[in-house]
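Fold and contact review
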Amino acid sequence: MSGVIILAEIVILTILFTVAVVTDSREPVNTVYDMPKPIIDRCLELGLIDETKKADSPQTRRKKLCAALAVAVIMTFVLIFVNHAENFAQGFGISYFVWLVIDWYDCFVIDWGWVCHSKKLIIPGTEDLVDSYKDYKFHFMGSVKGMLLGLPACLLVGVMVQIVNWIAG
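Residues numbered from 1 in each chain as written. Predicted model: local features only at pLDDT ≥ 70, side-chain atom pairs only at ≥ 80, totals over all residues. Heavy atoms only, no water.

On to the side chain of Thr126. Of note, Thr126 is situated in the loop between α4 (88–115) and α5 (130–133). Note on Thr126: relative accessible area 0%, which makes it buried. At a separation of 2.6 Å, a polar atom in the side chain of Thr126 contacts the side chain of Tyr133. (Helix = DSSP H or I, 4+ residues; strand = E, 2+ residues; numbered from the N terminus. Buried < 20%, exposed > 50% of the residue type's maximum accessible area, 1.4 Å probe, protein only. Polar contact = N/O pair within 3.5 Å; in protein donor to acceptor, adjacent residues only side chain to side chain.)

Now the structure itself:
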């Protein structure tokens, strides 16, 4: 297990994450459910979005669960075959460390540094909600939620690393 490999993984994942965010942000209304409630409410009033894509909708929850499971499986195999993780503690520890770094990057670089200051991300019809776009506390609390959501995903990775190593051992 090498710190250089973990750093390389973090850099690669951060680049992929940034590309995904920037690509999705080309159409700012696509990111509305990552914004504070006043912006979401205004977009609903304007008919720019519908309820089926809200974060708490069954469709969105199902998509997020499938994505989390796919990431957990991929991370498990990367940890085993690239990082040579041998047990639960290594699988959980490395995956949660990577999760935290990307979560904090999302909060402090993407959200605070870009989202809170980019005029290109302001959705037409919400221009008067500048204070909502610059709601640093909202983005920070989103990061805290992300830290908590990472726990079960990374616990699953740790368990899968342990099981695969038991089977392979």
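This part takes up a nonpolar patch on the surface. Together, Phe88, Leu148, Leu151, Leu155, Val159, Ile163, Trp166 and Ile167 line one region of the surface with nonpolar side chains, adding up to about 780 Å² of accessible area. No other element matches helix α6 (residues 136–168), which puts 7 residues into the nonpolar patch. Mapped onto the elements, Leu155 comes out in helix α6. (Patch = residues over 30% accessible without salt bridge, like charges linked within 9 Å, V, L, I, M, F, W, Y side chains within 5 Å. Areas by Shrake-Rupley, 256 points an atom, 1.4 Å probe, with all protein chains shown as cover. Salt bridge = Lys/Arg side-chain N within 4 Å of Asp/Glu carboxyl O.)

On inspection of all chains with the given rule, the structure shows 5 aromatic pairs. Ring geometry for Phe108 versus Trp112: centroids 4.9 Å apart, planes at 85°, classification edge-to-face. With Phe108 and Trp112 both in helix α4 and 4 residues apart, this pair spans about one turn of that helix. Classification of Phe108 as partly exposed rests on a relative accessible area of 37%. (Phe/Tyr/Trp six-rings, centres within 6.5 Å; stacked < 30°, edge-to-face > 60°.)

The values reported here are purely geometric and, on their own, carry no functional implication.
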